[in-house]
Every structure is written in structure tokens, then in C-alpha cells.
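Report on the structure
Each chain, letter by letter, is given below.
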Amino acid sequence: MRWILGVAILLAGCAKAPDVAHGRRIATFMGCISCHGERLDGHLFEENADFAIAYSANLSRIVPRRSDPELAATLRTGRRPDGSALWFMPTFAHRAIDDADLRDLLAWLRSVPPSGKDHPAIVRGPQFALALKAGFQDSASEAERLKGREPIETGPATERGRYLTRLACAECHGPDLHGPKDPRPGDAPDLAVAAAYGLPELTTLLRTGRARGHRLVGLMSEEAPKRLHALSDAEIADMHAYLEARAQRR
Ligand code: HEC
Ligand code: HEC
């Protein structure tokens, strides 16, 4: 009898329904909702006729037309099923998502009812070619180029925190969290700065956008309350432990 029970428990484990609420949190802290909208219906994303007119895709209508493996491949490679590359998607950061989180994320995307209309494809302006020459890349090529540039490993105890920083912070702080090589004012710095933060201070920054000393810090303060607030206490603690360990390795 006991082995039958064992098999039953094992099967129940495999068939566990995806966690839609967790999927929504992931979509929040990975920025899907910031860029594609609360109803995932997309909006004008880049409005500079000289450079490009681009919309973030209406996922509420596109997702039902795609299979899970197709959507997984798009998120991990930056290409649609027809092979065309996406622009402006931070695929280099998203591709780190593991299978369990991806399953919950896709379950939540599928739970959002279709709304709005499909948006036109990107229209390139005269400056677009110049931007390409200066190094601007589509999401697929960028992810390829940055393959292998990852936050340093600091051991199994802090691996969860490292993983979460890739999903939640790398889009702005860079694939290896080092920030840009030649930072300009307002750019996201090397996350070594986080070593000066205690856990309560980091929690306040991610939940409210207020940096140490109650400062408002540009884009970070704008985006934290929109997306990073969705990180749980446990996830923030994991990231804090990783960022401390990372800073000590430098
Ligand atoms: C920085 C903004 C940004 C973020 C963050 C972002 N997207 Fe996008 N996404 C875009 C833009 C812009 C496009 C349109 C790209 C194009 O037309 O070339 C797009 C396109 C897509 C497409 C392709 C749709 C099609 O045409 O087939 C999918 C799928 C997608 N996003 C899913 C997601 C998911 C899921 C997340 C979160 C994990 C996410 N995006 C996060 C900006 C973003
Ligand atoms: C949407 C982009 C974006 C994301 C996502 C993001 N950051 Fe930032 N972050 C910034 C920018 C930009 C700055 C610099 C702001 C300034 O000084 O004007 C910054 C600054 C910071 C600072 C320094 C604040 C200070 O004391 O001056 C810390 C710490 C920080 N970010 C932590 C994080 C962590 C941890 C994550 C992931 C959980 C994260 N950020 C995700 C854009 C982002």
C-alpha cells in the first residue's frame, strides 16, 4: 500500500497546477507589466520619428495564438516563431528565467483576457541605421553577444539571490550588474553600491523608491514602486545576501 501512496504523491507533485499569482509577481518585477501595460495590451513605446516609432506588443492578443514552447523560445532567444528578431526587449536578462518560474509566468499571461487591438510593426527613422552602426542591436543579437556575461557566482547559499538579481535588476544595472562602462549621470550604477545597504534599507528602496537617507534617485525611484515592490521579503533577503557576498569578492 505504501508504495501506491508514494506514487500518488509523486504524480500529484508533477501535476501541480501552475501558480498564477506567482506568475503575476514575476511579470511585475521582470517589467512585463511596466512595458506591456496592466492589461498587457501594449502601447506606444518609442516615439521618435527620427529614430523609431515602436509599440510594445499587445500580448493579450498575441499570447493566445502561441503555444507555451513558442512563447518560451521567444522569451529566451528574442525571436518570434517566424524567426524575426524583437527590438527593445531585455532578452539578455529574461533568458535566465528557470522552467518553474516560466511555467507560472506563462500561466498568468494566459489568464489575462484579450483586449485592444494589434499594434503596427516598428517603423525605422533616418537615425536608426546610425544607431545600428553605433552598436544598437535587436534583442536576439544583444542576448547572443552578452551570453556568458553574468553576475559572478558566490556559491550555492546565495545562488537564489543571484538568479533573482538577473531577472529583476540586470535589465538596468547590466548583465553582470556592473552598470555601464562609462556611466553618465542618471545611469544605473554597479550594484556594489548595494553593499552599503542594510536589509531594511534595501527593502525600503525596492518597495518605495527611497534610497538611503530618504533620497529620490531618478529612474530607480520611479520604477521601484511600479515593479520592484512585487518582490517578497524572502526574495529581497536572498538578493541582499547575494549582493553582500558579491561586493566582498571584488
Ligand atoms: C523594456 C520594455 C519591455 C519589457 C521589460 C518587456 N517587453 Fe516584451 N516587448 C517590448 C517591445 C517594445 C516589444 C515589441 C518588439 C518589436 O516589435 O520588435 C515586445 C515584444 C514582446 C513579445 C513578442 C510579441 C510578438 O510580436 O510576437 C513578447 C512575447 C513579449 N514582448 C513578452 C514579454 C514578457 C513575457 C515580458 C516580461 C518577462 C516582457 N515582454 C518584458 C518591450 C518590453
Ligand atoms: C528600470 C531600471 C532599474 C531597475 C530594474 C533596477 N534599477 Fe536600481 N537603479 C537604476 C538607476 C537608473 C539608478 C541610478 C539612479 C540615480 O542615481 O539617478 C539605480 C540605483 C540603484 C541603487 C543606488 C541607490 C543610491 O543609493 O544612490 C541601488 C542600491 C539599486 N539601484 C538597487 C537595485 C536592485 C537591487 C535592483 C533589482 C531588484 C534594481 N536596482 C533594479 C535603475 C534600475
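Located above this text is the structure these notes cover.
Residues numbered from 1 in each chain as written. Chains lettered and ligands numbered in written order. Predicted model: local features only at pLDDT ≥ 70, side-chain atom pairs only at ≥ 80, totals over all residues. Heavy atoms only, no water.

The subject of this paragraph is the overall build of the chain. For the chain, the count of helices and strands is 14 helices and five strands. Its C-alpha radius of gyration of 20 Å places the chain within 12% of the 18 Å reference for a compact globule of 250 residues. If you line up the chain on its principal axes, its C-alpha atoms span 75 × 45 × 30 Å. The contacts of the chain with a sequence gap of at least 6 include a subset with a gap of at least 24, amounting to 65%. When the accessible surface of the chain is summed, it comes to about 13,800 Å², and 58% of that surface belongs to carbon and sulfur atoms. When the 34 positive and 32 negative side-chain charges of the chain are each reduced to one mean point, those points stand 1 Å apart. (Helix = DSSP H or I, 4+ residues; strand = E, 2+ residues; numbered from the N terminus. Rg over C-alpha atoms; globule rule 2.2 N^0.38 Å. Contact = heavy atoms within 4.5 Å. Areas by Shrake-Rupley, 256 points an atom, 1.4 Å probe, with all protein chains shown as cover. Lys, Arg positive; Asp, Glu negative; His and termini not counted. Charge placed at Lys NZ, Arg CZ, Asp CG, Glu CD.)

For strand β1 (residues 44–48) and strand β2 (residues 52–55), the ladder comprises four bridges, and the chain directions are antiparallel. For N48, the partnering residue across the bridge sits in β2 and is A52. The hairpin formed by β1 and β2 contains three residues between the paired strands. (Pairing = 2+ DSSP bridges.)

It is worth spelling out the coordination of the iron atom of ligand 2 at this point. Within the protein, the atoms that donate to the iron atom of ligand 2 are H173 (NE2) and M220 (SD), at distances of 2.0 to 2.3 Å. If you look at the iron atom of ligand 2, its six donor atoms make angles of 86 to 180° with each other, and the shape they trace is octahedral. With H173 in helix α11 (residues 170–173) and M220 in helix α13 (residues 218–223), the pair connects residues that are 47 residues apart, well separated along the chain. When its relative accessible area of 9% is taken as the criterion, H173 is described as buried. (Donors = N, O, S within 2.8 Å, 3.2 Å for Na, K, Ca; no water. Tetrahedral: all angles 85-135°; square planar, octahedral: opposite > 155°, others 65-115°. Buried < 20%, exposed > 50% of the residue type's maximum accessible area, 1.4 Å probe, protein only.)

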